[in-house]
Amino acid sequence: MTEQQHIPPEFTRPPVPPDEDGGQCEPPGPNPDQQGPELRSPTGAPVPGEANVRAQQGDALTTPQGLRQADTDHQLKAGPRGPVLLQDFHLREKITHFDHERIPERAVHARGVGAHGVFVSNGAAASLTRAKFLAADARTPVFVRFSTVLGSRGSADTVRDTRGFATKFYTEEGVYDLVGNNIPVFFIQEAIKFPDVVHAAKPHPDREIPQAQSAHDTFWDFVSLHTEATAHTFWNMSDRGLPRSLRMMEGFGVHTFRLVAADGATSLVKFHWKPRLGVHSMLWEETQLTAGFDPDFHRRDLADAIEAGYFPEWDLGVQVFPDTPEQVFEDIDLLDPTKIVPEELVPVQVIGTLRLTANPVNFFAETEQVAFCPSHLVPGIEVTDDPLLQGRLFSYLDTQLSRLGGPNFAQLPINTPHTAVNDMFRDGMHQTAVHTGIAPYKPNSLDGGCPYAASFAGEAYVESPTPIPPPQAKLRTSANTDKAQVAFADHFSQPRMFYRSLTHGEQHRLADAFSFELGKCTSVTVRERAVQMLVNVDEQLAGYVANQLGVDVPAPTANTVELAPSPALSQKRGAFPVDGRTVAVLVDETSSGGAVQQVCADLEQAKVRPLLVAAHGGEVEGRKVDRTFATMRSIEFDALIALGAPIDPRVDVLVNEMWRHGKAIAAVGAAASLLQRNGVDADAPGVTVAEAPQTVTQVVTDLAEHRAWDRIEPRG
Ligand code: HDD
């Protein structure tokens, strides 16, 4: 593990709290704290006893039973060319284990990448919730998994799709999972429709085509019939569906949750993750090139940035609403997961900051086996009657039973709480705890009544986060109101608000996305019905797409209301931190005189990653060549600084693509001929021709804007 991939000090297990009732219970199973120096797994969970055993064996190759092995290259035969012997148990065990190494991929969100980190609360939510990890200055280890939704585990990162943003907080009160997406609304309002929307969105069941795409008949057939999906569909067709980096996208809890303060007072909230690096997207062409050239692009971007010490950060924020029986705010039903509350109406208040600081040591052990569930709650955070959220509370545990081999997956290191577990759950496949005692039931006297029922004695808090609250807790349900039902039924007013909140450039790219997606549908009926959905949102948009498809524009059919645009929904422009951005430093045989070293050092000083690009591998001025003309493509770089003007068609492709994608381009001295040769206007926005130091300064400034928008967006 590199020095950067340290396990933050937060990964020490908080002391096991004294048993609340002062009892003398021994926690079930071996207490690793009593077994000498603990070995910590990457997740920070202790690995009981392993430190001692490993010391004895050293690093010799062994069988799973610990038998030291001298040879794993040859099979045991009767004579040098004879039949293989059944008694070659190493051969049998090795191949048998290999045959069973794959587990079922996630039903959705199969393609993902994770990282460890820490959440630091600023205490702003302490008055709203008794959750201890939201107290002032509380530091909590976390594991985050980002994911796409539709694709299989081996699909490309940069497809057009929603991104999962799941965060596991290992709090001192147990695990809290905030299982969100980078889109604040969802396709459906009721969980019962989830199998339908996923069946429609996944590849067609006859040929299993297309992989990881919504551009096909069944998806658009469903969303144009089940029009509550309109809002999410618009967000997916916008730039939000094409994140430049997992480090540069927002996250949303989507649902409305309930916070419970220490005095029992409740409020309703929506959670937001705001990336410190800003929200930035790729262009559609970039994503297509990248999916082929580097399918692991987002995984690599996240891991490389963390490895380089550019730790990505997000501010966690909440929109806070009064907890009224109606649970409706300004005619927006807070139980409807297809609706947002514009930030202009209810601002987002920052309550803490997440920083990702370590890559997993083992993908399968951590990223593949992590199990999130919206019902992993802590005191002070509760669910509401949102019909989508209610169904999710069941589905995650259910699917993980088959994906992770039975009911004990919470004992896997990545899922282990950093607190004592006295669940009295026993046996079952892969039970790893060695429980003690003879009475895993309550009430009992034979184990001294242990474990004691947790009480919150001394605290006003009487509610319980457990799904079946004890008699003293009251179930909170929402009032039925006609207004609420009407709000659920309006599927087009908020998509229109979203569309009208975008810049012209964003609207143009969204219209082209609809044209691409629907252009891939072979059914004219589906195309026409999708245009009907669009015309209920915006007639000009529908007209543009209908023209691209060659279909007529129908009249609007829906009753809608005009909502004020929400500027917060458009991706912010302006200068953002450039941590971990990549710059191609292009050299040729004339590049010398220390320019390479100087430019790369200046870029690293600005927290930008220089990638040296040359005709051949090796070194230039003592610096390793990172990419050759054979291995590079423009989509890997956020900007280009040319110190040379090599004559090579692949270099010309690089320059043309970066020009077309509005990326910062700079040339030093004679390298300006490279721009001239490719028709790059030296006076255009985002283009710099200067001496080396000035080019770095200007490129870093341009990088902060993400793109030279004036170069690529239609005027007006
Ligand atoms: Fe889900 C996984 C997010 C609706 C059922 N979901 C999953 C993951 C994320 C989300 C981020 C991946 C977790 C990981 O990295 O392991 N899901 C959402 C959001 C939703 C949503 C933000 C709407 C607001 N999900 C949703 C519904 C259902 C599910 C309505 C079922 C009724 N989701 C699942 C699942 C998954 C899952 C099938 C597949 C893998 C897993 O749970 O562990 O149970």
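These numbers were taken from a predicted model, which means no experiment stands behind them. (Residues numbered from 1 in each chain as written. Predicted model: local features only at pLDDT ≥ 70, side-chain atom pairs only at ≥ 80, totals over all residues. Heavy atoms only, no water.)

*Asks:* I tried to follow the overall build of the protein chain on my own but got confused; where do I start?
*Replies:* Summing up its helical and strand segments, the protein chain has 19 helices and 22 strands in all. When the accessible surface of the protein chain is split by element, carbon and sulfur atoms take 56% of a total near 31,300 Å². (Helix = DSSP H or I, 4+ residues; strand = E, 2+ residues; numbered from the N terminus. Areas by Shrake-Rupley, 256 points an atom, 1.4 Å probe, with all protein chains shown as cover.)

*Asks:* What should I look at first to understand the UniProt feature "binding site: heme" (unreviewed entry) in the protein chain in this one?
*Replies:* Following the UniProt record, one finds the feature "binding site: heme" (unreviewed entry) at R106, R145, F194, R392, Y396 and R403. By the element assignment, R145 lies in strand β4 (residues 139-148). A relative accessible area of 4% means that R145 is categorised as buried. A distance of 3.0 Å separates the side chain of R145 from the backbone oxygen of H109, its partner in a polar contact. By the element assignment, R403 lies in helix α9 (residues 387-403). Given a relative accessible area of 5%, R403 falls into the buried group. (UniProt positions renumbered as here; feature names shortened; annotations may be inferred. Buried < 20%, exposed > 50% of the residue type's maximum accessible area, 1.4 Å probe, protein only. Polar contact = N/O pair within 3.5 Å; in protein donor to acceptor, adjacent residues only side chain to side chain.)

*Asks:* How do you make sense of the site of the ligand when you look at a structure like this?
*Replies:* Taken together, 21 residues are adjacent to the ligand, and R106, R145, S395, Y396 and Q400 come closest. Contacts to the ligand include R106, whose side-chain N or O atom sits 2.7 Å from an oxygen atom. For the shell around the ligand, the secondary structure elements donating two or more residues are β5 (163-171), β6 (174-181) and α9. Considering each element in turn, the shell around the ligand owes the most residues, six residues, to α9. When grouped by side-chain class, the residues that make up the shell around the ligand number ten nonpolar, eight polar and three charged. (Near = heavy atom within 4 Å. Nonpolar A, V, L, I, M, F, W, Y, C, P; charged D, E, K, R; others polar.)

*Asks:* Could you clarify how one ought to interpret the confidence of the model for the protein chain in this entry?
*Replies:* Keep in mind that low pLDDT regions are not for reading the predicted coordinates in detail. When pLDDT is averaged across the protein chain, the result is 90; 88% of the residues are at 70 or more. Scored below 50 in pLDDT, residues 1-23 shows 46 contacts in the model against residues more than four places distant or in partner chains. Predicted confidence for residues 27-55 stays below pLDDT 50, and this span has 55 contacts to residues more than four positions away or in other chains. Model confidence for the complex: the whole-complex pTM is 0.90, and ipTM, which rates the interface, is 0.98. (pLDDT = per-residue confidence, 0-100. Contact = heavy atoms within 4.5 Å.)

*Asks:* Would you explain the side chain of Q189 in this entry?
*Replies:* Positionally, Q189 belongs in the loop between β6 and α3 (194-201). Of the polar contacts made by the side chain of Q189, one reaches the backbone oxygen of F488; its length is 2.8 Å. Here Q189 is in contact with E228, D336, P337, T338, K339, D386, P387, L388, F488 and H491, once residues within four sequence places are set aside.

*Asks:* I would appreciate a short explanation of the UniProt feature "domain: Catalase core" (unreviewed entry) in the protein chain in the present structure.
*Replies:* According to UniProt, the "domain: Catalase core" (unreviewed entry) feature falls on residues 62-450. The span residues 62-450 shows a helical share of 21% and a strand share of 20%, and its end C-alpha atoms are spaced 40 Å apart.

*Asks:* Got a minute to help me understand unusual backbone geometry in this structure?
*Replies:* Residues apart from glycine generally show negative phi values, whereas peptide bonds are mostly found in trans. Residue P210 follows I209 across a cis peptide bond; omega there is 0°. Among the structural elements, P210 can be located in the loop between α3 and α4 (217-225). Cis geometry is adopted by the peptide bond preceding P451, which originates at C450 and carries an omega value of -10°. The topology assignment puts P451 in the loop between α9 and α10 (482-489). The backbone of K607 shows a phi angle near 65°, a positive value even though the residue is not glycine. Position of K607 among the secondary structure elements: in the loop between α15 (595-605) and β16 (609-614).

*Asks:* What is the right way to read the packing of α3 against α4 from this model?
*Replies:* Between two packed helices, both the angle of their axes relative to each other and the distance between the axes serve to describe the pair. Put simply, α3 and α4 touch, their axes get as near as 7 Å, and they point 145° apart. The segment α3 lies against α4, with D196, V197, A200 and A201 engaging T218, F219 and F222. (Axes fitted to C-alpha atoms, helices over the stretch in contact; angles between N-to-C directions.)

*Asks:* What is the right way to look at the domain arrangement of the protein chain in this model?
*Replies:* By convention, interface size is frequently given as the accessible area that disappears when the constituent parts associate. When its domains are assigned, the protein chain resolves into domain 1 (112-415), domain 2 (490-569) and domain 3 (582-712). Taken over C-alpha atoms, the centre of domain 1 sits 36 Å from the centre of domain 3. Listed by partner, the interface residues are 14 residues for domain 1 and 18 residues for domain 3. Across the interface of domain 1 and domain 3, roughly 1,500 Å² is buried in total on both sides, 58% from carbon and sulfur atoms. There are five salt bridges connecting domain 1 and domain 3. Measuring nitrogen to oxygen at the nearest pair gives 2.6 Å for the salt bridge that ties E286 to R707. On the surface where domain 1 and domain 3 come into contact, there are seven residue pairs in polar contact (both at pLDDT 80 or more). Going through the elements one at a time, α6 (284-293) and α7 (297-307) are the ones with two or more residues in the side of domain 1 that touches domain 3. The dominant element in the side of domain 1 that touches domain 3, judged by the number of residues it contributes, is α6, at five residues. (Domains from an automatic or database assignment. Buried area = accessible area lost by both parts, 1.4 Å probe. Salt bridge = Lys/Arg side-chain N within 4 Å of Asp/Glu carboxyl O.)

*Asks:* So what exactly am I meant to see when it comes to the environment of D710 here?
*Replies:* Here D710 is to be found in helix α19 (residues 709-712). Sequence spacing of D710 and G505 is 205 residues, and the spatial spacing of their C-alpha atoms is 9.7 Å.

*Asks:* Help me out: how do you make sense of the nonpolar core in this one?
*Replies:* One finds W220, F234, L510, F514, L518, L534 and L541 to be the most contacted residues of the largest nonpolar core, which totals 50 residues. Within the residue set of this core, elements represented by two or more residues are α3, α4, α5 (230-237), α11 (493-500), α12 (504-519), α13 (524-535) and α14 (539-549). Counting residues per element, this core draws most heavily on α13, at six residues. Structurally, this core is a two-domain feature, drawing no fewer than three residues from each of domain 1 (112-415) and domain 2 (490-569). (Core = buried A, V, L, I, M, F, W, Y, C linked by side-chain atoms within 4.5 Å.)

*Asks:* Help me understand the environment of L242, please; the structure alone is not making it clear to me.
*Replies:* Structurally, L242 can be placed in the loop between α5 and β7 (251-252). Separated by 73 residues in sequence, L242 and D315 place their C-alpha atoms 21 Å apart.

*Asks:* Which parts of the structure should I look at to understand the pairing of strand β20 (residues 639-642)?
*Replies:* The side chains of a regular strand alternate between the sheet's two faces. Residue alternation in β20 divides its side chains into two sets, A639 and I641 and L640 and A642, and both sets are buried. Inspection of the sheet shows β20 paired to strand β21 (residues 664-668) by four bridges, in the parallel sense. What sits directly across from A639, in β21, is A664. The parallel pair β20 and β21, bridged by helix α16 (residues 649-660), forms a crossover whose chirality is right-handed. (Pairing = 2+ DSSP bridges. Right-handed = clockwise from strand over helix to strand, strands pointing away.)

*Asks:* Can you help me understand the sheet that holds β16 in this one?
*Replies:* Here we have six strands laid out as an open sheet, ordered β19-β16-β15-β20-β21-β22, and parallel in their pairing. Here the strands that pair on one side only, and so sit at the sheet edges, are β19 (627-628) and β22 (687-690). As paired strands, strand β15 (residues 582-586) and β16 are joined by five bridges and run parallel to one another. Note on β16: the bridge partner recorded for L586 is V613. Against the sheet, α16 touches β15, β20, β21 and β22, its axis set at about 135° to β20.

*Asks:* Hey, could you run me through the environment of A692 in this one?
*Replies:* Position of A692 relative to the elements: it lies in helix α18 (residues 692-704). Each C-alpha atom, one on A692 and one on S566, is 42 Å from the other, the two residues being 126 residues apart in sequence. In this view, A692 contacts V599 and V668; residues no more than four positions away in its chain are not counted.

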